[in-house]
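Notes for the structure review
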Amino acid sequence: MHYYTFAKEITANARKNLKCELDVPYAATERTKYDIYGTDLSKDAPIFVFVHGGYWQEGSKDMAAFAAPVFVRKGIKVITIGYDLCPNVKLRDIIYQVKTAVEHILKYASSLGCRNIWVSGHSAGAHLAASLLFDELWLDKMIEQGHLNLLKGIVLIGGVYNLKPLVDTNISTTLKLTKDEIDAYSFTTLNTKNNTPIQQLKVIVTAGQCDSPGLINESRECAQKLLTMVDHVEYIFLRENIDHFDIVEKLTKEEFVLTKVILSNILHE
């Protein structure tokens, strides 16, 4: 498949051509590590975090450095997060791991005097990035530790935000989803009316014109849900025949509209 070949080549080239630190552990297992690109940039350089997709059962940080070449050239460090995969772990375990990784990165950034952090994810990775916004206990913990003020934005790219349509698919068989997990992690249908409003943080939700109608609809529903709890939400529908994989492959292009939007937000924060 073109996507996997392209992703591996981009990541291999980024590791060869950029100053980087690979396999930084944030937990005890082999996959719970992240890579940092642009380690030669200034200590206060902004950080862009990327969480790969693969329906929580495929993919790795070894094929996730799409943004690194352009972003590092613009003075932004890029961190790609790895995590364990189903069926070896449960979905709730992966969500916990990603929150642990982001907490680890926030502490690292704070120690450096980093200017700001943006967290992004693609496909299932967008679901994992979105999970940060729906966990009030985690958000409160980050506030108490004095780190949440560094987190300025979340970018959700071609995401999966409702688990219920997966129930009768092979994906669900591998994930072994329980009813409690489906209810807790279907973000578009959660009751958020009592959630504390999230201020001083922007969320960008984006989908491609040629993605599946179901995922496009979930992105719209996710943006609408987030409007009930986040002060600043932007929804971007990418036309020009952008599909589920183009949308991240084109982050390698400085002229791509989504690349320009993300760079503008990070650099003008």
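Look above for the structure.
Position labels on residues start from 1 in each chain and follow its written sequence. Per-residue local features of the predicted model are confined to residues with pLDDT of at least 70, and side-chain atom pairs are confined, for both listing and counting, to 80 or more; whole-chain, interface and lining totals are unaffected and use all residues. Side-chain measures here rest on the full set of heavy atoms in the structure, leaving out hydrogens and waters.

Regarding its fold elements, the protein presents 10 helices and 8 strands. Only the C-alpha atoms count toward the radius of gyration. The rule for a globule is 2.2 Å times the residue count to the power 0.38. Expected size for 269 residues packed as a compact globule is a radius of gyration near 18 Å; at 17 Å, the protein falls within 12% of this value. Here the C-alpha coordinates of the protein stretch approximately 45 × 45 × 40 Å along the principal axes. For the protein, with 269 residues in total, the buried portion stands at 57%. At a minimum sequence separation of 6, the contacts of the protein that also span at least 24 residues come to 77%. For accessible areas, the Shrake-Rupley method is used with a probe of radius 1.4 Å. Any residue's cover is judged against the shown protein chains and nothing else. Just so you have it, the protein exposes about 11,700 Å², and 49% of that area is on carbon and sulfur atoms. Averaging the locations of the 29 positively and 32 negatively charged side chains of the protein gives two centres separated by 3 Å. Numbering of helices and strands starts at the N terminus; helices are DSSP runs of H or I of at least 4 residues and strands are runs of E of at least 2. Here's how the labels work: a residue is buried when its accessible area is under 20% of the maximum for its type, exposed when over 50%, partly exposed in between, all with a 1.4 Å probe on protein chains only. Note on contacts: a residue pair qualifies if any of its non-hydrogen atoms lie within 4.5 Å across the two residues. A residue counts as positive if it is Lys or Arg and as negative if it is Asp or Glu; His and the chain ends are not included. Note that the charge is assigned to NZ on lysines, CZ on arginines, CG on aspartates and CD on glutamates.

Here we take up the packing of aromatic side chains. Within 6.5 Å between ring centres, the rings of Phe, Tyr and Trp (the latter by its six-membered ring) count as paired, and their orientation is classed by plane angle as stacked under 30 degrees, edge-to-face over 60, tilted in between. Within this structure, the stated rule accounts for 9 aromatic pairs. Ring geometry for Phe50 against Phe66: centres 6.2 Å apart, planes inclined by 75°, an arrangement best described as edge-to-face. Here Phe50, found in strand β3 (residues 47-51), pairs with Phe66, found in the loop between β3 and α2 (68-73); they are 16 residues apart in sequence, far enough to count as distant. The exposure class of Phe50 is buried, given its relative accessible area of 3%. Here the aromatic cluster, defined as three or more aromatic residues joined through ring pairs, consists of Tyr3, Tyr4, Phe6, Phe50, Phe66 and Phe245. In this structure, Arg220 packs its charged tip against the face of Phe237, placed 5.3 Å from the ring centre. Comment: the charge-over-ring label is applied if NZ (Lys) or CZ (Arg) is within 6 Å of the ring centre and within 35 degrees of the ring normal.

By convention in these notes, a salt bridge is any Lys or Arg side-chain nitrogen within 4 Å of a carboxyl oxygen on Asp or Glu. Tallied over the full model, the rule gives 16 salt bridges. Its salt-bridge partner being Lys141, residue Glu103 comes within 3.3 Å of it at the nearest N-O pair. Taken together, the residues Glu103 in helix α3 (residues 91-112) and Lys141 in helix α5 (residues 136-144) connect sequence positions 38 residues apart. Relative accessible area serves as the criterion here: at 9%, Glu103 is assigned to the buried category.

This brings us to the environment of Gln209. Within the element layout of this structure, Gln209 appears in the loop between β7 (198-208) and α8 (213-226). Assessed through its relative accessible area of 33%, Gln209 is described here as partly exposed. Each C-alpha atom, one on Gln209 and one on Tyr3, is 18 Å from the other, the two residues being 206 residues apart in sequence. Not counting chain neighbours up to four residues away, the residues in contact with Gln209 comprise Ile216, Phe237, Leu238, Arg239, Glu240, Asn241 and Ile242.

Now for the environment of Lys43. By secondary structure assignment, the location of Lys43 is in the loop between β2 (33-37) and β3. According to the relative accessible area criterion, Lys43 is exposed, its value standing at 58%. With 50 residues separating them in the primary sequence, Lys43 and Asp93 have C-alpha atoms 32 Å apart. The contacts of Lys43, once residues within four sequence positions are left out, are Lys77, Leu112, Gly113 and Cys114.

Let us now look at α5. The set of residues buried in α5 consists of Trp138, Leu139 and Met142. Angular distribution of buried residues about the axis of α5 spans 100°; they occupy a single face of the element. Exposed residues pointing more than 90 degrees away from the buried face of α5 are listed as Leu137, Ile143 and Glu144. Packed against the buried residues of α5 are α3 and β7. Between the side-chain oxygen of the N-cap and the backbone nitrogen of Leu137 there are 3.2 Å, and the N-cap of α5 in question is Asp135. Trailing α5 by a residue or two, Gly146 shows a phi angle of about 75°, which is positive. By construction, the arc corresponds to the directions joining the helix axis to the C-beta atoms. For the purposes of these results, a polar contact is taken to be a pair of N or O atoms within 3.5 Å, where, inside protein, one atom must be able to donate a hydrogen and its partner to accept one; residues adjacent in sequence count only when each atom of the pair is a side-chain atom.

The next thing to look at is the sheet that holds strand β5 (residues 117-122). Two strands pair if DSSP finds at least two bridges between them. The 8 strands lie next to each other as β1-β2-β4-β3-β5-β6-β7-β8, forming an open sheet whose pairing is mixed. Single-partner strands in this sheet number two, and they are β1 (20-25) and β8 (230-238). Within the sheet, the average angular offset between the axes of one strand and its neighbour, ignoring direction, is 20°. Looking at chain direction, β3 and strand β4 (residues 77-81) are connected through 5 bridges and run parallel. If you follow Val51 over to β4, its bridge partner there is Ile81. Note on geometry: axes are lines fitted to C-alpha atoms, helical ones only across the stretch in contact, with angles between N-to-C directions running from 0 to 180 degrees. Across the sheet, α8 lies against β6 (151-157), β7 and β8, angled at about 160° from β8, the strand it touches most.

Geometric descriptors of this kind do not, in isolation, establish any biological role.
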